[in-house]
Each structure stands twice: as C-alpha cells, then as structure tokens.
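Breakdown of the fold
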Amino acid sequence: MDFKGSETIPGPRAEDRLPHTAQAAAKIVIVGGFGVGKTTMVGSVSEIRPLTTEETMTQAGVGVDDNFGSASKTATTVAMDFGRIRITDELVLYLFGTPGQERFWFLWNGLFEGALGAVVLVDTRRLAVSFEVMGRLEERGVPFVVAVNTFPDAPRYPVAELRTALDLPEDVPIVECDVRRRASSRDVLMTLMRFLHSLAMSRSLT
C-alpha cells in the first residue's frame, strides 16, 4: 500500500553486496581509548560505506570524558562503527569499532562476542588508557595486536620500549600506522591475520 509522502528505502549498492567468492568471514574489533582513531580506521579501510554512530560532543561530556589531545574533536562514537573488507577472494572481515569513552565501555562485552581477534589502537601521548582496553581483551580471551597511530605531535618510541611500557608478551605484534591511509590500516589487519594464523598453527602442534 502506498502512502502519500512516503519514501522508498534504497536497497544496498552493488559494491556493498558480499562477493560471491566469499567462503569465510571473521569478526574483528577495533578498540582503544577516546580519540585514538578507531572511526577513522574503519572508514579508511572499509570497502563498503561504513556505518557510524557518531554524535556531536556537548558540554555534558566536560569533566566526564578525557579528551586529551582531541581538543578539535567535535563528534564521538556512542555505540559502534561497522565496516567490511575483503582480505582475499574467499575471506571477508567484518570490522566493529568500539566507543572510546569509559562511560560507554559497558557496550564492549557485546561487541567482543564472537570476535576472532582485535586491533588495539594506541596514542603514545596517553599509553595508560590502553591498559584497561588490553585487560578486557585478555579477560575475554580475544587475541590482539597493538597498532600505534602516528599522530603528528605524538612522541615516537622504539618498539622494545613500547613493549616494556605496555607490558606485552614478546609474541604480540606492535606496528606503527597512519589510520587515515587505507593501505596502512589494511597492513594492520594483515598483521593481525598473520598473528591469528600463527596462534592457530601453534595450537595445532600441541
């Protein structure tokens, strides 16, 4: 039945449809503190139009959210970001970006459910934010890699120093990236997939 003034809801774009060659899919979560670049990473690497749940930041967040290094940030994720990327003709990754503010962390458990692995985005100006993030992943048994987003004004440290500061085991990869660049974000995901493959291989030998 047609109603006056009603609008037709458009269907998915051709480029948004899942490739017919896809045989396997995996859920990957992109986590990190407030303003580390999670939404940007999902948006830069996704092959489909990404779904975002960004809302304009208001005075209500003053004194509640830690916006260090993000003074120019005007919007923030309040639920999740979603994107998709094809790693090979057969393998597709579904990407879920988590909200960064601590008051939204209660949503993380649902987003972690069924995740094959995770990318922890890090800002070297505030490494302490990463401890709670990595602790939650370890509690859930979700393997992860650490990606250092190279903000222009952020200090650079050798990987060995970062590993010590973050108290990471030797086998957990740490890579630098610029989440604004698709190739850089894709390299991070490839690092994660190689790490997950190595974990699977080592388990099969035990």
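See the structure above.
The paragraphs below set out a description of the structure included in this document. (Residues numbered from 1 in each chain as written. Predicted model: local features only at pLDDT ≥ 70, side-chain atom pairs only at ≥ 80, totals over all residues. Heavy atoms only, no water.)

For the rest of this paragraph, the subject is the nonpolar core. Across soluble globular proteins, nonpolar side chains have a tendency to be buried as a group. Leu 93, Val 119, Val 120, Phe 144, Val 146 and Leu 189 are the most contacted members of the largest nonpolar core, which has 49 residues in total. Among the elements that make up this core, the one with the highest residue count is helix α5 (residues 182–204) (seven residues). Not counting chain neighbours up to four residues away, the residues in contact with Phe 144 comprise Ala 118, Val 120, Met 134, Leu 137, Glu 138, Leu 168, Val 172, Pro 173, Leu 192 and Phe 195. (Core = buried A, V, L, I, M, F, W, Y, C linked by side-chain atoms within 4.5 Å. Buried < 20%, exposed > 50% of the residue type's maximum accessible area, 1.4 Å probe, protein only. Helix = DSSP H or I, 4+ residues; strand = E, 2+ residues; numbered from the N terminus. Contact = heavy atoms within 4.5 Å.)

Here α5 spans 33 Å end to end across 23 residues, near enough to the 33 Å set by a 1.5 Å rise per residue. Of the positions making up α5, those classed as buried are Ser 184, Ser 185, Val 188, Leu 189, Thr 191, Leu 192, Met 193, Phe 195, Leu 196 and Leu 199. (Expected span 1.5 Å × (residues − 1).)

Okay, the sheet that holds strand β6 (residues 117–122) next. Spatially, the six strands line up as an open sheet ordered β4-β5-β1-β6-β7-β8, and their pairing is mixed. Across the chains shown, the open sheet's two edge strands, defined by having one partner strand only, are β4 (81–86) and β8 (174–177). Each strand axis lies, on average, 25 degrees off the axis of its neighbour in the sheet, ignoring direction. Sheet topology note: the strand β7 (residues 144–149)/β8 ladder contains four bridges and is parallel. Looking at the pairing, Val 146 lines up with Ile 174 of β8. (Pairing = 2+ DSSP bridges. Axes fitted to C-alpha atoms, helices over the stretch in contact; angles between N-to-C directions.)

Under the defined criterion, the tally for this structure stands at two aromatic pairs. When the ring of Phe 82 is compared with that of Tyr 94, the centres are 6.0 Å apart and the planes differ by 15 degrees; the resulting orientation is stacked. Separated by twelve residues along the polypeptide, Phe 82 in strand β4 and Tyr 94 in strand β5 (residues 91–97) bring together distant segments of the chain. Exposure remark for Tyr 94: the relative accessible area of 25% places this residue in the partly exposed category. Taken together, the ring pairs connect Phe 82, Tyr 94 and Phe 96 into an aromatic cluster. A cation over a ring is seen here: Lys 27 above Phe 96, with NZ or CZ 4.9 Å from the ring centre. Over the ring of Phe 151 we find Arg 125; its NZ or CZ atom is 4.7 Å from the centre of that ring. (Phe/Tyr/Trp six-rings, centres within 6.5 Å; stacked < 30°, edge-to-face > 60°. Lys NZ or Arg CZ within 6 Å of the ring centre and 35° of its normal.)

The next point concerns helix α3 (residues 129–140). Taken together, the buried positions of α3 are Ser 130, Val 133, Met 134 and Leu 137. Seen end-on, α3 carries its buried residues on one side only, within an arc spanning 90 degrees. (Arc of directions from axis to C-beta.)

Attention now moves to the pattern of salt bridges. Per the stated rule, a full pass over the model turns up nine salt bridges. A salt bridge links Arg 140 to Glu 113; the nearest nitrogen and oxygen atoms lie 2.9 Å apart. Of this pair, Arg 140 sits in helix α3 while Glu 113 is found in the loop between α2 (108–112) and β6, placing the two residues 27 residues apart along the sequence. The partly exposed category is assigned to Arg 140, whose relative accessible area is 37%. Assessed through its relative accessible area of 52%, Glu 113 is described here as exposed. (Salt bridge = Lys/Arg side-chain N within 4 Å of Asp/Glu carboxyl O.)

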